[in-house]
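Below, each chain spelled out in residue letters.
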Amino acid sequence: MEKIKGTKCEFGYIQKQKIFQSLMLLLFVAVGVGLFVTGLLITGTRANIFTVLGILMVLPAAKRIISLVVMVPRRSVDKERYDRMRETVAEEGILYTDYVFTSPDKIMSFDFLIIQNQNVMGILSEKKQEEAYILDYLQKGVDSQASGYQVKLFSSDEKFYKYYRRLTEGSSKQERDEEYIARQDKVSEYLKILAV
């Protein structure tokens, strides 16, 4: 199922979700209409249990419509771009891609989200996003999981690469203690849960 549906925060997730949610929507609509027509043919009237079951198919269909509204305006990152980012991010870093998340007010997205050296670095996927709002929202959420993490946003890959070089420059692979790893895992898990 994961092959068809995609895995949250991994390469190609947005594209797979668009296809999966569209197919599921069509399935629920077909089942709902099928139940209604079956009941109509069997009983000769709309007032039957099949009509009720057909109407209940609206609920899972509505969930699929919401997922499509969130995903359709967004695109998965290109394979070449993903490969370059995967090569750049050190093995102790955590890389999420096709990252879409929501707050009570907005739908936001990153092409990439990297967690490393007590930094959460996001590369915005759309230019028209409110950076100050996203930064504040993520910083509060990350702080609730582990203090000392800094959230940075970038509007392009080049700006990220420049910052990342400075962040990792001169620092050899450091020994990470259990507390550091536990805090990073906690932040990582929070961010994964936050994703749609």
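K.L.:
What is the right way to read the overall build of the protein from this model?
P.N.:
Secondary structure summary: the protein contains eight helices and four strands in total. Going from N to C terminus, the protein has its helices and strands arranged as α-α-α-α-α-β-β-β-α-β-α-α. Scaling as 2.2 N^0.38, a compact globule of 196 residues should have a C-alpha radius of gyration of about 16 Å, whereas the protein reaches 22 Å, well beyond that. By principal-axis analysis of the C-alpha atoms, the protein measures approximately 80 × 35 × 30 Å. For the protein, with 196 residues in total, the buried portion stands at 42%. Contacts in the protein between residues far apart in sequence, at least 24 positions, make up 64% of those at least 6 positions apart. For the protein, the accessible surface area stands at approximately 11,400 Å², while carbon and sulfur atoms represent 58% of it. One way to put it: in the protein the 28 positive side-chain charges average out to a point 7 Å from where the 25 negative ones average out.

K.L.:
Just checking my understanding: could you explain the confidence of the model for the protein for this structure?
P.N.:
For residues with low pLDDT, the predicted coordinates do not support detailed interpretation. Looking at the protein, pLDDT values average 93 and 97% of them are 70 or higher. Per-residue pLDDT, averaged within each element of the protein, yields its smallest value for helix H1 (residues 2-5) (81) and its largest for strand S4 (residues 150-154) (97).

K.L.:
Is there a simple way to think about the sheet that holds strand S2 (residues 107-116) in this case?
P.N.:
As a general point, the strands of a sheet are linked pairwise by backbone hydrogen bonds and lie either parallel or antiparallel. Across the sheet, which stays open at both edges, the four strands sit in the order S1-S2-S3-S4 with mixed pairing between neighbours. Looking at the sheet topology across the chains shown, the edges are occupied by strand S1 (94-102) and S4. Across this sheet, the average inter-strand angle for adjacent strands is 30°, counted without regard to direction. Strand contacts of helix H5 (residues 79-88): S1, S2 and strand S3 (119-124), with the helix running at about 30° to S2, the strand carrying the most contacts.

K.L.:
Honestly, the pairing of S1 in this entry has me stumped. Any pointers?
P.N.:
Looking down a regular strand, the side chains alternate between one sheet face and the other. Within S1, eight of the nine residues are buried, which leaves the element mostly enclosed by the surrounding structure. In terms of strand pairing, S1 meets S2 through eight bridges, oriented antiparallel. By the bridge assignment, Phe101 is partnered in S2 with Met108. Between S1 and S2, which pair antiparallel and follow one another directly, the connecting turn spans four residues.

K.L.:
I keep staring at the side chain of Thr97 and nothing clicks. Help me out?
P.N.:
With respect to the helices and strands, Thr97 occurs in strand S1. On the basis of relative accessible area, Thr97 is assigned to the buried category, the value being 1%. Of note is the side chain of Thr97, whose polar atom sits 2.9 Å from the backbone oxygen of Asp111. The residues contacting Thr97, other than those within four sequence positions of it, are Cys9, Glu10, Phe11, Val77, Tyr82, Asp111 and Phe112.

K.L.:
I tried to follow unusual backbone geometry on my own but got confused; where do I start?
P.N.:
Negative phi characterises most residues that are not glycine, and trans characterises most peptide bonds. If you check the backbone angles, Cys9 has positive phi at about 70° while not being a glycine. Residue placement: Cys9 occurs in the loop between H1 and helix H2 (13-43). Under the relative-accessibility criterion, Cys9 is labelled buried at 2%. For Gln118, which is not glycine, the phi torsion reads 60° and is therefore positive. By the element assignment, Gln118 lies in the loop between S2 and S3.

Rules used throughout
Residues numbered from 1 in each chain as written. Predicted model: local features only at pLDDT ≥ 70, side-chain atom pairs only at ≥ 80, totals over all residues. Heavy atoms only, no water. Helix = DSSP H or I, 4+ residues; strand = E, 2+ residues; numbered from the N terminus. Rg over C-alpha atoms; globule rule 2.2 N^0.38 Å. Buried < 20%, exposed > 50% of the residue type's maximum accessible area, 1.4 Å probe, protein only. Contact = heavy atoms within 4.5 Å. Areas by Shrake-Rupley, 256 points an atom, 1.4 Å probe, with all protein chains shown as cover. Lys, Arg positive; Asp, Glu negative; His and termini not counted. Charge placed at Lys NZ, Arg CZ, Asp CG, Glu CD. pLDDT = per-residue confidence, 0-100. Pairing = 2+ DSSP bridges. Axes fitted to C-alpha atoms, helices over the stretch in contact; angles between N-to-C directions. Polar contact = N/O pair within 3.5 Å; in protein donor to acceptor, adjacent residues only side chain to side chain.

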